[in-house]
There are 4 protein chains.
Amino acid sequence: MNRNGRGRQFFFNPGPTNIPDRVLRAMDRATLDFLSEEFLEIHSACHEGLKRVLKTRQHLFVYAATGHGAWEAGLVNLFSPGERLLILESGYFSEDWALMARRLGLDVEVLKADWRVGVAPADLEQRLVADKGHAIRAVLVVHNETATGLANPVAEFRHAIDRAGHPALYLVDTISSLGCFDFRMDEWGVDVAVGGSQKGLMIPTGLSFSGVSEKALAASRTAKLPRHYWDWEMMQARAPQRFCGTTPVHLFFGLAESLRMIEEEGLDAIFRRHARLARATREAARVWHANGSGPELFCRAPQRLSDSVTALIMPEGHDAETFRRTAINRFNLSLGGGLGPLLGRVFRIGHMGELNEPMLLGALATVELALKESNVPHGPGGVEAAIAALANR
Amino acid sequence: MNRNGRGRQFFFNPGPTNIPDRVLRAMDRATLDFLSEEFLEIHSACHEGLKRVLKTRQHLFVYAATGHGAWEAGLVNLFSPGERLLILESGYFSEDWALMARRLGLDVEVLKADWRVGVAPADLEQRLVADKGHAIRAVLVVHNETATGLANPVAEFRHAIDRAGHPALYLVDTISSLGCFDFRMDEWGVDVAVGGSQKGLMIPTGLSFSGVSEKALAASRTAKLPRHYWDWEMMQARAPQRFCGTTPVHLFFGLAESLRMIEEEGLDAIFRRHARLARATREAARVWHANGSGPELFCRAPQRLSDSVTALIMPEGHDAETFRRTAINRFNLSLGGGLGPLLGRVFRIGHMGELNEPMLLGALATVELALKESNVPHGPGGVEAAIAALANR
Amino acid sequence: MNRNGRGRQFFFNPGPTNIPDRVLRAMDRATLDFLSEEFLEIHSACHEGLKRVLKTRQHLFVYAATGHGAWEAGLVNLFSPGERLLILESGYFSEDWALMARRLGLDVEVLKADWRVGVAPADLEQRLVADKGHAIRAVLVVHNETATGLANPVAEFRHAIDRAGHPALYLVDTISSLGCFDFRMDEWGVDVAVGGSQKGLMIPTGLSFSGVSEKALAASRTAKLPRHYWDWEMMQARAPQRFCGTTPVHLFFGLAESLRMIEEEGLDAIFRRHARLARATREAARVWHANGSGPELFCRAPQRLSDSVTALIMPEGHDAETFRRTAINRFNLSLGGGLGPLLGRVFRIGHMGELNEPMLLGALATVELALKESNVPHGPGGVEAAIAALANR
Amino acid sequence: MNRNGRGRQFFFNPGPTNIPDRVLRAMDRATLDFLSEEFLEIHSACHEGLKRVLKTRQHLFVYAATGHGAWEAGLVNLFSPGERLLILESGYFSEDWALMARRLGLDVEVLKADWRVGVAPADLEQRLVADKGHAIRAVLVVHNETATGLANPVAEFRHAIDRAGHPALYLVDTISSLGCFDFRMDEWGVDVAVGGSQKGLMIPTGLSFSGVSEKALAASRTAKLPRHYWDWEMMQARAPQRFCGTTPVHLFFGLAESLRMIEEEGLDAIFRRHARLARATREAARVWHANGSGPELFCRAPQRLSDSVTALIMPEGHDAETFRRTAINRFNLSLGGGLGPLLGRVFRIGHMGELNEPMLLGALATVELALKESNVPHGPGGVEAAIAALANR
């Protein structure tokens, strides 16, 4: 291990992500009474700011929990035992959400897809049309499949649901898309948007939340799964605290600063920055692959290449975990590994949140250096291609 | 509001509590991959350290959640819908835990008590003896009732259960006692010890945990309440991560430092320090009350006066909330308020965690100053009595 | 040593002083190019802000140095070898400044005084009147003698100089008065005001500065003592950097935040706060002394009792250093010791900068506790008197 | 300005340099009494550690000052008015040191040299041989000329002095070499080694110091330049404080942590790291220049290319300041500019202190990106050459 090595670790995992110094400093402070006027103002500003990021004017519930907690909150607030959900397969995280729903007693149907391509809107439409009796209570989609770097077309799926004339609730996991690329809860008719703190929001793990539509809130009133910690009704009743137990004030200190940074830069500028850096990453990858049989983009759907994470599949005979260890141990570059069946075959570059050109170029150049050190074949000129991509704008 | 007033806020709420600078600094750092060897070592050290604080060699499960989350985890892992629990009334928090259990579908019986005195062990024994069929699946006790400053005798209740020969599980909420005064999970036969990060452990809110006995773990295998986020079996299966979703590494950075501080000082020394500072607080309160009809100790059971929080009931005709506003707005001293039916009648001085003589004396002297400013009657000499109590040791 | 003891150290030395968390956080950041536009704006704001605190519209020079560096800067910029200065005796620091001037080759005359009383304005007037040939080139005064808690009347000395019709330059050391109690450079005709960072300005030691009048700047042009690091002409020539060598950007980051805090509270409010807290300190001391032969105020001139530091002389037979060790080792309270001939006889309570009622009361109560622990005689009721003084306003 | 741009600033100025987070955190703490046992231990450890870095067992004096302060300290402690010094021309900083010496009243002779090459040891030897009467009291050399990226051969100059049999004192400025590449005060017979905090020592500007030989200390006893703040005799007399005025404890907190990091990595490993990163920088530069008439290495002496800073001279017709503004404003990359006559012609890449491969590669790739954006000609493949240089080891 290179722990005593000098210099900053380059952190390019797809979550948690780099925490800006401004956020760390905002959290490096004495605590406050969570019921004090001073904190409640911060709390309230965070709620308003998060709703602007989600692009919703409807409801928001925040939990002291990981993103999986917000997954569970959506399920237990909306459904009764045995109800059917349709989840669109995209990869490790769609599988994991389905597993959770099953273990909570729900009947989960998976709309199958190739992980490198994802579900076609027409397939969703067709399945919903076939559901004459409206047994399907909800459609669940992972906006950005963090495990594969595939971004699902949330608006197109909404249109498919509408075309099918199906009343299902629409639940979308925005954990690794929110604050990275476009998401519009109200405009796209999303009923529950699931989000977490540690990706595009750039704060430590520990807060997650649900944007909730009026329709979903109404549905929650008749849902029978037992719940208390996650219960939206209880949370509404506890205004202005809106929390089950002690409010985690430090995470809100961080969130308040992160939201200030987001508003200073502007969501549109943030999305353009992510698109620019993602494109440069892909250009490097294409050159490594095309010019020398190097690692290849995992996602094969050009319109679905994610702007927040790029997954690369290793050339045959080369182990992604060995390569990742070289990157971290020799050069202090932290990359994401493959999840589930992709372990050892895929490595992932997170390019979301607190990031700029020199950071990304440093990471890409170090990937190239680590490929050399690991004797992984790759075409020359990947970094030069990334530089050129960033210059042509 | 005195927000621009100069000088450090004196924070004497009974949770969250003062976070040591060492802990804040340990959290003020770049993130780590939660699956990296470097983090897993920190993670593992935290588990071992927490178990030493709980005085258990059995199991531990940690959640990204408030303390209420750990309450819920204990309930959903152990019970099936409709099962009966017996909860010992102590105050606001025993009521709140009972409410949660009911909303999760359990049948909760409350063993009634005067909040200023609490349940007698003999009453518990008698109730359990009467439960011939062992319908009661568990006994629930709040070790330290944060709302009233009453510490329940956990070991004596254990003896009462044993004398009754009752097989009920024994769940104890140690949220505001752990790391403040004596608690011994294994020796006292506690099956689930519920703890949180933001009191005696001196770190921000957001982590909570359950110490779990073998007996409880076995019981969880047949429990039918639906669960996933809190599920102990799932957490065990996810070793070494042991977490549902992304591990909140920053809270563990803080916990690791806090546990180092606890081991440096030693639990016994920590308990003596809390006892000494609590006694000084009570001496001040007795003088304020006895010498001038000032605020009075809420807890009337001398053996149950808490070493982590002291609740004082205001003289008739004086509003506790008005007094608290004077303390915070004029003198930057944050005190706890009354909860539930005690709102306006009680204020609370938290004296737990990161605390020493000058901090406590500064708070007590400022309470006396704020009593003067608020024209609340009180005997003279309270602070001098506290000084004398600290000198006589 | 109590280093592993829990809880915040109470720091009541008369310099350095408590650094507000806001200032520490402002300094906890990556560096900047000291010639960048971004830094030059911060730099310039600091110059403007410091001038407002000094109440001058004339010149300011800032050094990377301790306060002694600014002493030396004033001397080497203004004088030629062998020139005569008149320094008003006040205590350890007037002696130390005189020593420096002598070692730099100047002819220093000390206007003698009892350290517990200080020089009378009439004595200064008389001495200057006697200096028919105006051999005395400058009058030097320490505004607040940090070693004894005596505040010199700078405006009255100005009047004495004027009444004598003497053209001497007027140099005033404001190191432990600036930002604590009233100082007006231009209105009081001060030619050089010497200041430092680590007292009323509440930032770490390492920056010091001179407010310089037009008259002093003109005088510097003919002064012959060799100089470069401290040279005002060189510093003016290096605008906008205005520094010899690399600008210490982190100290300016701290200063900028400290000046923001000062402007938020307002100098008048700051002075009232210091006066209030100083009065409470003296009330406690009077009771300790009058009611029981305890430590006594060192300064015997009622009009000159300092609002930033109080020096107490121990009862006969009791060693101040032993007492201080008890305070720090048993109770984590840091107090100042006696300097020079006062070592062992005097201890000092600094009450300047980042301070409020609970902090001061905590310190005073702990002084009383440490007096008890050390078996130093003292009247009862000191802290109660301080509380009463703070309530009567 | 890109101030609201997201992501960390890449700071590649040749001083101040990147401050490690560990150092910033070590400084983000409450103050200490500078005379307390706790601080004096830290202070003493810093003195011992600094002497190990200087490789001396002789004397050390530390100042609250910039590096220029330590320059001045060396001069005023060692010399009397009118004495002659011989300074070896290397660039802006040798000129600036000479200017200071002249203004302090010394007679400075400059041994002339081309800034792109520096003085030859034989020229020094010849000049000293010619000084039959030993009028030259000292030889002054800047070890690493920060303005040009030229490293002087300090050991070879020592040999030249010895060959000439000349008794001159030997003063060496190690400000931008110490902690970056090899320096051995005692072995190389250096009498005064001048150092500063903000380069290889990786802490904020504000501390500087002199390593002082026995011979120099003896010489100081007869030196006549007036001094007090910098006076070594006074500093020795003030042991254990060893400071004129209040010790700047926060800078020592930082220094203590920095020295811990240096000892953890080891000076030899640190030097190898600097050599490796410097070589990669030069490889990139050579390709930019050779393959396309891009910026060229300023230093033309292959053996003197600095391992801590690389200066590049722009192609004819291109302004270095315009290019630097693009780098900082568009891409948040801070580079050094040309000093004195090199302003606008040269830009500088500092590669010293807290640095690793991804940081350097990110900077070099961004230089290339900024060259493209600024339409500065340059050969393709610079970054690829740097990557290759780092892989070949």
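Residues numbered from 1 in each chain as written. Chains lettered and ligands numbered in written order. Predicted model: local features only at pLDDT ≥ 70, side-chain atom pairs only at ≥ 80, totals over all residues. Heavy atoms only, no water.

### What to know about the sheet that holds strand β2 (residues 59–64) of chain B
All names here are of chain B.
Thought 1: A sheet is described by the order of its strands in space; here seven strands give the open sequence β2-β10-β9-β8-β5-β3-β4, paired in mixed fashion. Both outer strands of the open sheet, β2 and β4 (107–111), are each paired with one neighbouring strand and no more. On average, adjacent strands in this sheet sit at an angle of 20 degrees to one another, irrespective of strand direction.
Thought 2: With four bridges joining them, strand β3 (residues 84–88) and strand β5 (residues 136–142) adopt parallel strand pairing. In the sheet register, R84 faces β5, and the bridge partner there is I136.
Thought 3: In the packing of helix α6 (residues 154–164) onto the sheet, the strands contacted are β3, β5 and β8 (169–173), and the crossing angle to β8 comes to about 165 degrees. (Pairing = 2+ DSSP bridges. Helix = DSSP H or I, 4+ residues; strand = E, 2+ residues; numbered from the N terminus. Axes fitted to C-alpha atoms, helices over the stretch in contact; angles between N-to-C directions. Contact = heavy atoms within 4.5 Å.)

### As for the domain arrangement of chain A
Residue and element names in this part refer to chain A.
Thought 1: Here chain A is described as being made up of domain 1 (10–17 + 266–391) and domain 2 (31–263).
Thought 2: Once you take the C-alpha centre of each, domain 1 and domain 2 turn out to be 28 Å apart.
Thought 3: Buried area between domain 1 and domain 2, both sides added, is near 2,600 Å², and the carbon and sulfur share of it is 61%.
Thought 4: The tally of links between domain 1 and domain 2 comes to one salt bridge. (Domains from an automatic or database assignment. Buried area = accessible area lost by both parts, 1.4 Å probe. Salt bridge = Lys/Arg side-chain N within 4 Å of Asp/Glu carboxyl O.)

### Digging into the sheet that holds strand β11 (residues 296–297) of chain A
Residue and element names in this part refer to chain A.
Thought 1: Pairing within the open sheet is mixed, and its five strands lie in the order β1-β13-β14-β12-β11. Of all strands in the sheet, those bounded by a partner on one side alone are β1 (10–12) and β11.
Thought 2: The pairing of β1 with strand β13 (residues 333–337) spans three bridges and is parallel. Its bridge partner being in β13, F10 is matched across the sheet by L333.

### Section: the confidence of the model for chain A
Thought 1: Put simply, chain A has an average pLDDT of 97, and 98% of its residues get 70 or more.
Thought 2: Quick note on the complex model: pTM equals 0.97, ipTM equals 0.97. (pLDDT = per-residue confidence, 0-100.)

### As for the pairing of strand β10 (residues 207–212) of chain D
All names here are of chain D.
Thought 1: Counting buried residues along β10, six of its six residues qualify, which places the element largely inside the surrounding structure.
Thought 2: Because side chains alternate across β10, one face comprises the buried residues L207, F209 and G211, and the other comprises S208, S210 and V212, equally buried.
Thought 3: When strand β2 (residues 59–64) meets β10, the two strands line up antiparallel, connected through six bridges. Residue L60 lies in a different strand from β10, and its bridge partner there is G211.
Thought 4: As judged from the five bridges shared by strand β9 (residues 192–196) and β10, these two strands associate in the antiparallel manner. Across the sheet, the residue bridging to G195 is F209, located in β10. (Buried < 20%, exposed > 50% of the residue type's maximum accessible area, 1.4 Å probe, protein only.)

### Here's the deal with the environment of V383 of chain D
Thought 1: With respect to the secondary-structure elements, V383 of chain D resides in helix α13 (residues 382–391).
Thought 2: Overall, V383 of chain D belongs to the buried group, its relative accessible area being 0%.
Thought 3: Separated by 22 residues in sequence, V383 of chain D and L361 of chain D place their C-alpha atoms 7.2 Å apart.
Thought 4: Those residues in contact with V383 of chain D that lie beyond four places of it in its chain are V383, E384 and I387 of chain A together with L364, A365 and E368 of chain D.

### Some details on the interface of chain A and chain B
Thought 1: Residue-level contacts link 57 residues of chain A with 57 residues of chain B.
Thought 2: Here chain A and chain B share an interface that buries about 4,300 Å² over both sides, 56% of which is from carbon and sulfur atoms.
Thought 3: Linking chain A to chain B there are eight salt bridges.
Thought 4: Looking at the side of chain A that touches chain B element by element, the count peaks at four residues for helix α4 (residues 92–103) of chain A.
Thought 5: In the side of chain A that touches chain B, the residues fall into 24 nonpolar, 16 polar and 17 charged. (Nonpolar A, V, L, I, M, F, W, Y, C, P; charged D, E, K, R; others polar.)

### Concerning the packing of helix α11 (residues 320–331) of chain A against helix α12 (residues 357–373) of chain A
All names here are of chain A.
Thought 1: Relative to each other, α11 and α12 sit at 110 degrees, their axes nearing to 9 Å. In terms of orientation, α11 lies roughly perpendicular with respect to α12. With respect to the hand of their crossing, α11 and α12 are arranged in right-handed fashion. Contacts between α11 and α12 pair F323, T326, A327, R330 and F331 from the former with T366, V367, L369, A370, L371 and E373 from the latter.
Thought 2: The residue makeup of the contact of α11 with α12, split by class, is seven nonpolar, two polar and two charged. (Parallel < 35°, antiparallel > 145°, perpendicular 65-115°, else oblique. Left-handed = near helix turned anticlockwise from the far one by under 90°.)

### Considering the pairing of β9 of chain D
Looking down a regular strand, the side chains alternate between one sheet face and the other.
Residues and elements named next belong to chain D.
Thought 1: Of all five residues that make up β9, five are buried, and the element is covered over most of its length.
Thought 2: Alternating residues of β9 divide into V192, V194 and G196 and A193 and G195, and every residue in both groups is buried.
Thought 3: Both strand β8 (residues 169–173) and β9 contribute to a ladder of three bridges, which runs parallel. Its bridge partner being in β9, L171 is matched across the sheet by V192.

### Some remarks on the pattern of salt bridges
Thought 1: Under the criterion given, the structure shown has 117 salt bridges over all chains.
Thought 2: A salt bridge links R163 of chain D to E125 of chain D; its shortest N-O distance comes to 2.7 Å. Of this pair, R163 of chain D sits in helix α6 (residues 154–164) while E125 of chain D sits in helix α5 (residues 121–130), and the two are 38 residues apart along the sequence.
Thought 3: What makes E125 of chain D partly exposed here is its relative accessible area of 21%.
Thought 4: Each of R8, D21 and R25 of chain A, D28 of chain B, D28 of chain C together with R8, D21 and R25 of chain D takes part in salt bridges that share partners, so that together they form one network.

### Concerning the relation of the copies chain A and chain B
Put simply, the second copy of the chain is the first one after a rotation about an axis and a shift along it.
Thought 1: Note on the identical chains: chain A maps onto chain B by a rotation of 180 degrees and an axial translation of 0.0 Å, with an RMSD of 0.0 Å. Within this description, the copies of the chain are treated as partners about a two-fold rotation axis. If distances are taken from each C-alpha of chain A to the rotation axis, the shortest is found for A65 of chain A, at 2.5 Å. (Least-squares fit on C-alpha atoms with pLDDT ≥ 70 in both.)

### Looking at the side chain of Q241 of chain A
Thought 1: Within the element layout of this structure, Q241 of chain A appears in the loop between α8 (232–237) and α9 (249–265).
Thought 2: In this structure Q241 of chain A touches F34, L35, H43, T246 and T247 of chain A, once residues within four positions along its chain are discounted.

### Some remarks on the nonpolar core
Thought 1: Counting residues in each nonpolar core, the largest one holds 198 residues, and the members touching the most others are L75 of chain C together with L75 of chain D.
Thought 2: Discounting chain neighbours no more than four positions away, the residues touching L75 of chain C are L85, W97, M100, A101, L104, L106, L140, L171 and L225 of chain C.
Thought 3: Counting residues in hydrophobic clusters, the runner-up holds 195 residues, among them M100 of chain A together with F34, A147 and V212 of chain B. (Core = buried A, V, L, I, M, F, W, Y, C linked by side-chain atoms within 4.5 Å.)

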